Amino acid sequence: MPLNIIHDANGLPRIILTEPNGSSAEVLLYGGQVVSWKNERKEELFFMSSKAIWKPPKAIRGGIPVCFPQFGNLGSLEQHGFARNRMWSLDGDASSLPPANNQSSVDLILKSTEEDLKTWPRSFELRLRISLSVGKLTLIPRVRNTDNKPFSFTFALRNYLSVSDISEVRVEGLETLDYLDNLERRKRFTEQADAVTFDGEIDRVYLTTPAKIAIIDHEKKRTFVLRKESMPDAVVWNPWDKKAKALPDLGDVDYKTMLCVDSAAVETPIVLKPFEEWKGYQELSTVSSSYCSGQLDPWKVLHGYHSPHPVNH
C-alpha cells in the first residue's frame, strides 16, 4: 500500500503512520520532524507549543526536531543546525535496513544543497527511518559522508515529551553521572540526587548515559522509557517561566506540560571519513506506572520487569 500523505492546513506534506492497535504518528517532510504520536487511546504523547510557528523557515517547537550538523550553539551555524528547517524527501533507497511496512514506517533523506554547502562546506546524506509499533516509536538516523574529506558533526533527537505537571515528574537512570550545565557556562558537575526532579529552569548535557532512561509522570501514571544507541549523551531541558516568556514560539505556561529528554552525541563530535556512515538508534515506549509505595519501582523500569533486584551484601 502507498504511504498515507496529506497536506495540512499550512500546506506542509504530512505522513500519517498507523498500526493495527490504533496508535498513530505524524511526520512532516519539513525538518523530517515527527510532530505527533498518539497511543491506542488517542492520547497525544508529544508536547507541541501552543504558539508553534508552522511556516518555513522557522523551526517547529514540539515533537522530535532533528538537530544536525550542530547541537545548540556549539559551532558557527544557526541554533541546532539546519536539518530541522529544510524540506526532506522520501528515501527510495533504504536498502541497508530491513524492509519496512509502508503503513507504519517511513524512510526520509536530506542531502546537502548548494545553499547549505556555503555555510557548512561538507557533502552529506542524512537518512531517518521512523517506525511505529504498539506502544513504541523508533527512529534510526544515519549520516553518510559523501565528501572527499573527513568531517565531524554533533547530533541530537530533541524529544518534547508531554507531561501532566513538570513539578511531579522524575527522570531515573541519570543518577551519579557527570553533566555539563548550560546555565553555568557548560561547567561540569556530578548528579547527586537519586532522580532528576524539576523546580526551576534546567539545561544539562548528561554524559556517558545508560542505554535506558525512564521519565516517570506520577499524575498521568505513565512512564516514558527512552532507549538509545550511538548517542551517548542525554540532554535534559525545561525553560521554566522566565525563559518561556522570552521565547516567542512558546506559550507562557507551556513549560508546565513539557519536558525535553534528548538522545545526543554532543560532548564528543562524530567524525566520518569519506563514504563512512554513522548510525544511531532511539526507541521511545510508554508503560503504565503501577504504584508501589507511591512510586514506580525504578529497578524494574530500567532493568526489565523480570530481572531480580541486586542483593546488597
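Residues numbered from 1 in each chain as written. Predicted model: local features only at pLDDT ≥ 70, side-chain atom pairs only at ≥ 80, totals over all residues. Heavy atoms only, no water.

A. Here's a closer look at the sheet that holds strand 1 (residues 5-7). Reading across the sheet, the four strands line up as 1-2-3-4 and stay open at both edges, with antiparallel pairing between neighbours. Among the strands making up the open sheet, the edge pair consists of strand 1 and strand 4 (33-38). Taken pair by pair, the neighbouring strands of this sheet meet at an average axis angle of 25°, ignoring direction. (Pairing = 2+ DSSP bridges. Helix = DSSP H or I, 4+ residues; strand = E, 2+ residues; numbered from the N terminus. Axes fitted to C-alpha atoms, helices over the stretch in contact; angles between N-to-C directions.)

B. Local environment of the confidence of the model for the protein. When pLDDT is averaged along the protein, the result is 92, and 91% of the positions lie at 70 or above. The model gives residues 291-295 a pLDDT under 50, and that stretch makes nine contacts with residues more than four places away or in other chains. (pLDDT = per-residue confidence, 0-100. Contact = heavy atoms within 4.5 Å.)

C. Up close: the packing of aromatic side chains. One pass over the full model with this rule turns up 17 aromatic pairs. Look at Trp-120 and Phe-151: their rings are 5.2 Å apart centre to centre, the planes differ by 65°, and that puts the pair in the edge-to-face class. Taken as a pair, Trp-120 in the loop between helix 1 (114-119) and strand 8 (124-133) and Phe-151 in strand 10 (residues 151-157) lie far apart in primary sequence, 31 residues in all. For Trp-120, a relative accessible area of 7% puts it in the buried group. Put simply, the rings of Phe-68, Phe-82, Trp-120, Phe-124, Phe-151, Phe-153, Phe-155 and Trp-278 touch in pairs and so form one group of aromatic residues. (Phe/Tyr/Trp six-rings, centres within 6.5 Å; stacked < 30°, edge-to-face > 60°. Buried < 20%, exposed > 50% of the residue type's maximum accessible area, 1.4 Å probe, protein only.)

D. Molecular detail of the side chain of Ser-24. Residue position: Ser-24 is located in strand 3 (residues 24-28). Leaving out residues up to four positions away in the same chain, Ser-24 has contacts with Leu-17, Thr-18, Ser-36, Trp-37, Lys-38 and Leu-132.

E. Region of the structure containing the nonpolar core. Ranked by size, the top nonpolar core spans 68 residues in total, and within it Leu-126, Ile-130, Leu-137, Phe-153, Phe-198, Ile-215 and Leu-259 carry the most contacts. Apart from the residues within four sequence positions on either side, Leu-126 is in contact with Val-66, Phe-68, Ala-83, Trp-88, Leu-108, Ile-109, Leu-110, Arg-142, Val-143 and Phe-155. Membership of the second largest hydrophobic core comes to nine residues, among which are Cys-67, Leu-180, Val-205 and Val-266. (Core = buried A, V, L, I, M, F, W, Y, C linked by side-chain atoms within 4.5 Å.)

F. Inspection of the state of the cysteines at higher detail. With the rule as written, the count across this model stands at zero disulfides. Cysteine Cys-67 shares no disulfide, and the gap to the nearest cysteine sulfur, in Cys-260, comes to 9.2 Å. Judged by relative accessible area, which is 1%, Cys-67 ranks as buried. (Disulfide = S-S within 2.5 Å.)

G. Expanded view of the pattern of salt bridges. This structure, assessed with the given rule, holds 20 salt bridges. Its salt-bridge partner being Glu-125, residue Arg-127 comes within 2.8 Å of it at the nearest N-O pair. A residue is classified by how much of its surface remains accessible, and Arg-127, at 10% relative accessible area, is buried. Among the ionic pairs, Glu-201 bridges to Lys-243, the shortest N-O distance being 2.7 Å. (Salt bridge = Lys/Arg side-chain N within 4 Å of Asp/Glu carboxyl O.)

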